[in-house]
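The lines below spell out each chain.
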Amino acid sequence: MKPTLKSLRKPTFSRSSRGDEAGSVGAGLLTSAATAGRTPLILAVGAHPDDIEFGCGGVIARETQAGHAAHFVVCSLGESGTNGTPRQRLAEAKKAAALLGATIEFVDLGGDAHMEPRLAHTLKLARIIRRLRPRIVLAPTTVENQHPDHVVVGQTVRHACRLARYGGVAELKKLPRRVIEHLMFYAVTVEAEPRDRQPILVDVSAPAVVAAWTAAMEAHASQQATRRYAEFHLARAKVHGMRAGLDHAIQLFPADPIVCESLAALGGAARTF
Ligand SMILES: [Zn+2]
C-alpha cells in the first residue's frame, strides 16, 4: 500500500513539537520552526508537492530574498502521480521550499486526485489562515485544466479566505478572525492561465531569484522524468517577461480589483517598454 499523509504521520507528533524530519507531516502541523513568531507576507497553497514551485516559485524567491517570510501549505503528497513515491515527493517538496526560503506544512484534503469541495476542507484552510495571519494568499487558478485537484484547491482557498474573516463562524471561533489583503491566483500550467482576466506581472528577473527558482523546480527530480518542467516554466516566464521588457516575469491573477491610493503610485505596464 502506498504511504499517505496519514500513514506517514508520526503518531507522537504534536503541534508543539517542531522539526524538519521526514515524518513530521500532518494536518495543520508546521514542518519548520522558521515561521514561528513570524507573520508571513505570503501563504501559498498547492494541491500537489510541486504546484507552488512550478506556478509561482520565482515570486516566492523574489519576496523571501527581499526579507519577507513565505509559508507553503501542500494538500497532498502527489501519491496518485506516475513518477515518484510519496516519501520522495515529501522530501523533494521540503528541499524546494528551503531553496526558496519558505517554510512548509502538509494537510490532508482527501488525497491526490481525490479532492472534492467540502466545508471541512475550507475550515481546515481557514484555520491555517487565522493561525498564520498572512497578508497575501496565493492559490491555483480555478480555470479547468489537466488536473481536477488544482481547481478544487483554488476554490477551497477562495472560500477559506472568506470564512477566515467572518467573526461568527462557530467552528473557527477559537482563533481570531483574519482579513487578508489580497488573494491572488497562480497558474500551475499554461492551460490554467485565465484568458478573460488581466494578470499582474511580477518581475523575477534578478539572477539570484532565477537561480533559486530553477533549483527549487529541479528539486522535484521525480517529476522531471514526466516533462522537463523547470525548462518549461522558465520559458513561460521568459515569454511573460518579454511582454514587459523584462528577462523573466510570472503572472498572478488578483481575485479582486487592486486598489491604489494614486495613479502616481502605479508601477509600469507591459505595453510601455
Ligand atoms: Zn499539481
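These figures come from a predicted structure and were not determined experimentally. What you see as residue numbers is a count from 1 along each chain, following the sequence as written. Predicted model: local features are reported for residues with pLDDT of at least 70 only, side-chain atom pairs are reported and counted for 80 or more only, and whole-chain, interface and lining totals are derived from all residues.

Caption draft 1: Spatial organisation of the packing of helix H6 (residues 207-219) against helix H8 (residues 229-243). Only the contacting stretch of a helix is used when fitting its axis, a line to C-alpha atoms as for every element, and angles between N-to-C directions run 0 to 180 degrees. Secondary structure elements are defined from DSSP: runs of H or I of at least 4 residues count as helices, runs of E of at least 2 residues count as strands, and each element is numbered from the N terminus. Interaxial distance between H6 and H8 falls to 9 Å at its minimum, and their mutual angle equals 145°. Viewed along their axes, H6 and H8 form a crossing whose handedness is right-handed. Between H6 and H8, the residues in contact are Thr214, Met217 and Glu218 and Tyr229, Ala230, His233 and Leu234, respectively. Gly is put with the polar residues, along with every residue not named as nonpolar or charged; the nonpolar set is Ala, Val, Leu, Ile, Met, Phe, Trp, Tyr, Cys and Pro, and the charged set is Asp, Glu, Lys and Arg. Tallied by class, residues from the contact of H6 with H8 come to four nonpolar, two polar and one charged. Each crossing gets its handedness from the near helix: less than a right angle anticlockwise from the far helix is left-handed, clockwise is right-handed. Whether two residues are in contact is decided by their C-beta atoms, placed from the backbone, lying within 7 Å.

Caption draft 2: Just the nonpolar core, in detail. Ranked by size, the top nonpolar core spans 68 residues in total, and within it Ala44, Val45, Ile60, Ile129 and Leu138 carry the most contacts. Not counting residues within four places of it along the chain, the set of residues in contact with Ile129 comprises Leu43, Pro134, Val137, Ala160, Cys161, Ala164, Arg178 and Ile180. Only buried residues count toward a nonpolar core: Ala, Val, Leu, Ile, Met, Phe, Trp, Tyr and Cys, linked into one set through C-beta atoms within 7 Å. Once C-beta atoms are placed from the backbone, each residue is buried if 20 or more other C-beta atoms lie within 10 Å of its own, exposed if 12 or fewer, and partly exposed for counts between those two.

Caption draft 3: A look at unusual backbone geometry. We note that Ala113 has phi near 70°; this positive angle belongs to a residue other than glycine. Mapped onto the elements, Ala113 comes out in the loop between strand E4 (103-106) and helix H4 (119-132). Not every positive phi belongs to a glycine, and Arg133 is a case in point at roughly 60°. Mapped onto the secondary structure, Arg133 falls in the loop between H4 and strand E5 (136-140).

Caption draft 4: Local environment of the confidence of the model for the protein chain. Confidence of the prediction at every residue is given by pLDDT, a number between 0 and 100. With 86% of its residues at a pLDDT of at least 70, the protein chain reaches an overall mean of 88. In the model, residues 9-36 has pLDDT below 50 throughout and makes 48 contacts with residues more than four positions away in sequence or in other chains.

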